[in-house]
Amino acid sequence: SISLTPTLSPTLSPTLSPTISPSVSPTTCEARKWFTINGGTACSNGDDYPGTGKRYDFVKECCVVVKLITGSNTCMYKDFCKTPTPTDNPTVTPTYYPTVESTVSPTVSPT
């Protein structure tokens, strides 16, 4: 195209090695596949795919496998397509010093 105002920093020479086959556009969130993580104890559709193992079209399919592995009726998952909703009850004053000792048994539900 023709410009009425010339650029102040023109390209001195053409690109010697242009991209022959540019990369494809990124996968849309809805098209992301689900896979197990943490030794099959949870599911994810993020960028943390380990490179091996089956991938699923739906989180429910992945959770069937997680429930079989863990023997639980629940399935933890990380959905990178969902924006978390803000909390109704935010912490007013943060804790300045973390607890030094660990608990004797793990927490039953996430905090």
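Fair warning: this is a prediction, and the values are worked out from it, not measured in the lab.

Chemist: Hey, could you run me through the pattern of salt bridges in this one?
Modeler: Here the idea is simple: oppositely charged side chains can pair when their charged atoms come close. All told, the structure shown has three salt bridges when counted by the stated rule. The partner of Arg32 in a salt bridge is Asp47, with the nearest N and O atoms 3.1 Å apart. Pair noted here: Arg32 is in the segment before strand E1 (35-37) and Asp47 is in the loop between strand E2 (42-44) and helix H1 (59-70), with a separation of 15 residues, a long-range link. Assessed through its relative accessible area of 22%, Arg32 is described here as partly exposed. Judged by relative accessible area, which is 69%, Asp47 ranks as exposed.

Chemist: Hey, could you run me through the nonpolar core in this one?
Modeler: Soluble globular proteins tend to bury their nonpolar side chains together. Residues Trp34, Cys43, Tyr56, Cys62, Cys63, Val66 and Cys75 constitute the largest nonpolar core, which totals seven residues. The contacts of Val66, once residues within four sequence positions are left out, are Thr36, Gly40, Thr41, Ala42, Cys43, Gly71 and Cys75.

Chemist: What's the story with the state of the cysteines in this structure? I'm lost.
Modeler: Put plainly, two cysteines are in a disulfide when a covalent bond ties their sulfur atoms together. In the structure shown here, the tally under the stated rule is three disulfides. Paired through a disulfide, Cys43 and Cys62 show a sulfur-sulfur distance of 2.1 Å. Between Cys43 and Cys62, the S-S dihedral sits near -105 degrees, and the bridge is therefore left-handed. With Cys43 in strand E2 and Cys62 in helix H1, this residue pair connects regions lying 19 residues apart in the sequence.

Rules used in this analysis
Residues numbered from 1 in each chain as written. Predicted model: local features only at pLDDT ≥ 70, side-chain atom pairs only at ≥ 80, totals over all residues. Heavy atoms only, no water. Salt bridge = Lys/Arg side-chain N within 4 Å of Asp/Glu carboxyl O. Helix = DSSP H or I, 4+ residues; strand = E, 2+ residues; numbered from the N terminus. Buried < 20%, exposed > 50% of the residue type's maximum accessible area, 1.4 Å probe, protein only. Core = buried A, V, L, I, M, F, W, Y, C linked by side-chain atoms within 4.5 Å. Contact = heavy atoms within 4.5 Å. Disulfide = S-S within 2.5 Å.

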